[in-house]
Amino acid sequence: MYALVDGNNFYASCERVFRPSLNGVPLVVLSNNDGCAIARSEEAKALGIKMGAPWFQIRHLAEDAGLVALSANFALYGDMSERMMSLAAGLGQQQEVYSIDECFVDLHGVPGDLTERARQVRARIRQWIGMPTCIGLAPTKTLAKLANHMAKNAERKPGSYPAELAQVCHLGAMDRAEREALLAATAVQEVWGVGRQTSAKLQAEGIQTALDLARADVATVRRRWGIVLAKTVQELNGTPCLSLDELPPAKQQIACTRSFGEPVTELASLRQAVTEFTSRAAEKLRRQHSLAGQLMVFIRTSPFRPDERQHSAHRQIKLSTPSSDTACLTEWAQAALHTLYQPGHKYAKAGVMLMDLQSSASEQLGLALEDDEPGHRHRLMGTLDHLNQHHGRGTVLLASAGMPQTRKGWKMKQERLTPQYTTDWGALVVAG
DNA sequence: TCTGGGGTCCTAGGACCC
DNA sequence: TCTGGGGTCCTAGGACCC
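Quick caveat, the model's predicted, so the values are computed rather than measured.

**Q** I keep staring at the overall build of chain A and nothing clicks. Help me out?
**A** For chain A, the helix and strand inventory stands at 15 helices and twelve strands. On C-alpha atoms alone, chain A measures out to a radius of gyration of 25 Å, which is about the 22 Å that the 2.2 N^0.38 rule sets for 432 residues. Taking the principal axes of the C-alpha coordinates as reference, chain A spans close to 70 × 55 × 50 Å. Just so you have it, chain A exposes about 22400 Å², and 51% of that area is on carbon and sulfur atoms. For chain A, the distance from the average site of its 48 positive side-chain charges to the average site of its 44 negative ones is 4 Å.

Okay, structure coming up:
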């Protein structure tokens, strides 16, 4: 049996924990550059705001309907996530942290009434860190996701599902008829792994509901739609095909990409941006003890400005020696950028991707008979990471990243950022 | 004026090999 | 007349996830 624990409207709920005045208020959290809505409170959803809605299209609701918008505060959300995960882990023996706001817990061998146990854990998360959650329980991960969907909607859309399923829904504790009635009441696109494209094609074939999909012939689905959907069908029937991954596998690629706060035309600004993106990507690389064998840089203008001259280009470089050294990677990234840049374009976005990753245990340190250069670089990077971790991002950086006063233009806009309540002593909430 | 960021897996097709 | 069969690796593109 698996549980899926999921924070409701996670980012919006994180903000509410520290600003209770936002309770009951339509609230959205905006993406980088305050570009579009990436989280919505129930009240905001009720206003018809869609996931990903551009801010400039909904900002009138601030005046018309009291909509509050906040810039994404990822330091806060990451910290709240850790707290929620450690509490959710108490549900069972093994946990897979699936995303910032949800985790699977393996309940094999857990005795007693699982529904009751889930309710208790849910109440604890609510009381200890202020985060509302819903929990789905079922014999497979796909069904647990679906049970979670039912728990959420039974709570917020009365009539969609029986009210007693609100907050905690245990599909594994129901008899067949009851479970099938719930699957029949669920549109096929709500199933985990069935997106827009697939659901459109399925519906054209007469497969409208989760129950229709569960009843499809596995071999036929395998042949016509591929192995992923075939596994989904089996999982919907209670046969586990997806196991729990306790340790997230090391990433196979690491990216750092950003849209700019305003259009960038100068190579000098792009150079600063690319240096910073490379530095950030290299930090992530070293954190998972990997080396990159390839590096890719891209720059592009805004596809939302079809009236302007468009330019989009990328260059991939194979490194002669795999590396995690910020200076080395930056040098190559800059070389790539130079071949891409064309004057006269308004660039809107750039990015750096590190690929062909391998474990740094296999690092070739060279013979270095006289000069232990690689060893020095290794320690230098360790020191750099330590300083930036303990004294804040950007404490030490490459000169080509630019001095703070010259780094305007490409930096992102965050005009509605809340304090880092849980990760900055200076931002502690004062009670009294 | 104003539209995010970061991943994964699968498939098909081509190159190449024996 | 009839021109194998099986395998690997790589890449690009598509679909999906949060």
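**Q** Even after reading the chapter, I still don't get the packing of aromatic side chains, so can you show me in this structure?
**A** Across all of its chains, the model carries nine aromatic pairs by this definition. Geometrically, the ring pair formed by F74 and Y77 is edge-to-face, given 5.8 Å between the ring centres and 85° between the ring planes. With F74 and Y77 both in helix α5 (residues 74-88) and three residues apart, the pair spans about one turn of that helix. Judged by relative accessible area, which is 0%, Y77 ranks as buried. Judged by centre distance (6.0 Å) and plane angle (40°), the rings of Y341 and Y347 are tilted. For the pair formed by Y341 and Y347, the shared burial category is buried. Over the ring of W128 we find R124, and its NZ or CZ is 5.5 Å from the ring centre. The lysine or arginine in question, K141, covers the ring of F104, its NZ or CZ lying 4.8 Å from the ring centre.

**Q** Help me out: how do you make sense of unusual backbone geometry in this one?
**A** Note on backbone geometry: most residues besides glycine have negative phi, and most peptide bonds are trans. Although it is not a glycine, H289 adopts a positive phi angle of roughly 55°. Given the relative accessible area of 55%, H289 is considered exposed. Even without being glycine, D356 reaches a positive phi, approximately 55°. Topologically, D356 is positioned in strand β12 (residues 347-359).

**Q** Sorry if this is basic, but what is going on with the sheet that holds strand β2 (residues 27-30) here?
**A** Picture the strands of a sheet paired through backbone hydrogen bonds; they go either parallel or antiparallel. The strand order β3-β2-β4 describes an open sheet built from three strands, whose pairing is mixed. If you trace the sheet from one side to the other, it starts and ends with β3 (37-40) and β4 (68-71), each paired once. Each strand axis lies, on average, 30° off the axis of its neighbour in the sheet, ignoring direction. Direction of pairing for β2 relative to β4: parallel, over a ladder of four bridges. Residue pairing in the sheet places L30 in a bridge with S71 of β4. Strands in contact with helix α1 (residues 10-18) are β2, β3 and β4; relative to β2, the strand with the most contacts, it is inclined by about 110°.

**Q** Any chance you could explain the protein's contact with DNA strand B here in plain terms?
**A** Taken together, 22 residues lie around DNA strand B, and A255, T257, R258, S259 and R305 are the ones closest in. Within 4 Å of the protein, the atoms of DNA strand B are drawn from sugar and phosphate moieties in a proportion of 72%. Contact distances for DNA strand B include 3.3 Å between a phosphate oxygen and a backbone N or O atom of I227. For the surface near DNA strand B, the element with the highest residue contribution is strand β9 (residues 254-264), accounting for six residues.

**Q** Just checking my understanding: could you explain the protein's contact with DNA strand C for this structure?
**A** The environment of DNA strand C is made up of 14 residues, and the closest members are S99, K145, G193, G195 and T198. Taken together, the sugar and phosphate atoms account for 100% of what DNA strand C places within 4 Å of the protein. Q197 places a main-chain nitrogen or oxygen 3.2 Å from a phosphate oxygen of DNA strand C. In this structure, T198 approaches DNA strand C through a side-chain N or O atom, which is 2.5 Å from a phosphate oxygen. Secondary-structure elements contributing two or more residues to the surface near DNA strand C are β5 (94-99) and α9 (196-204). Each residue belonging to the surface near DNA strand C can be placed in one class, and the counts come to four nonpolar, five polar and five charged.

**Q** Looking at this structure, how should I read helix α7 (residues 141-156)?
**A** The α-helix advances 3.6 residues per turn, and as a result positions three or four apart in sequence lie on the same side. Taking 1.5 Å of rise per residue, the 16 residues of α7 would be expected to cover 22 Å, and the 23 Å separating its terminal C-alpha atoms lies within 8% of that figure. Most of α7 is tucked away, with 14 of its 16 residues classed as buried.

**Q** How should I be thinking about the side chain of T278 in this particular structure?
**A** Along the polypeptide, T278 turns up in helix α13 (residues 267-287). When sequence neighbours within four positions are dropped, the list of residues in contact with T278 reads L329, T330, A333 and V352.

**Q** It is not clear to me how the pattern of salt bridges should be interpreted in this structure. Could you clarify?
**A** Between side chains of opposite charge, pairing is possible as soon as their charged atoms come close. Summed over all chains, the structure comprises 14 salt bridges. D385 serves as the salt-bridge partner of R286, at 2.7 Å between the closest nitrogen and oxygen. Taken as a pair, R286 in helix α13 and D385 in helix α15 (residues 373-391) lie far apart in primary sequence, 99 residues in all. For R286, a relative accessible area of 11% corresponds to the buried category. Using a relative accessible area of 16% as the deciding quantity, one classes D385 as buried. Between D325 and R377 there is a salt bridge; the shortest N-O distance is 3.0 Å. Remark: R377 occurs in helix α15 and D325 occurs in the loop between β11 (312-323) and α14 (326-340); sequence separation between them is 52 residues.

Criteria and cut-off values
Residues numbered from 1 in each chain as written. Chains lettered and ligands numbered in written order. Predicted model: local features only at pLDDT ≥ 70, side-chain atom pairs only at ≥ 80, totals over all residues. Heavy atoms only, no water. Helix = DSSP H or I, 4+ residues; strand = E, 2+ residues; numbered from the N terminus. Rg over C-alpha atoms; globule rule 2.2 N^0.38 Å. Areas by Shrake-Rupley, 256 points an atom, 1.4 Å probe, with all protein chains shown as cover. Lys, Arg positive; Asp, Glu negative; His and termini not counted. Charge placed at Lys NZ, Arg CZ, Asp CG, Glu CD. Phe/Tyr/Trp six-rings, centres within 6.5 Å; stacked < 30°, edge-to-face > 60°. Buried < 20%, exposed > 50% of the residue type's maximum accessible area, 1.4 Å probe, protein only. Lys NZ or Arg CZ within 6 Å of the ring centre and 35° of its normal. Pairing = 2+ DSSP bridges. Axes fitted to C-alpha atoms, helices over the stretch in contact; angles between N-to-C directions. Contact = heavy atoms within 4.5 Å. Near = heavy atom within 4 Å. Polar contact = N/O pair within 3.5 Å; in protein donor to acceptor, adjacent residues only side chain to side chain. Nonpolar A, V, L, I, M, F, W, Y, C, P; charged D, E, K, R; others polar. Expected span 1.5 Å × (residues − 1). Salt bridge = Lys/Arg side-chain N within 4 Å of Asp/Glu carboxyl O.

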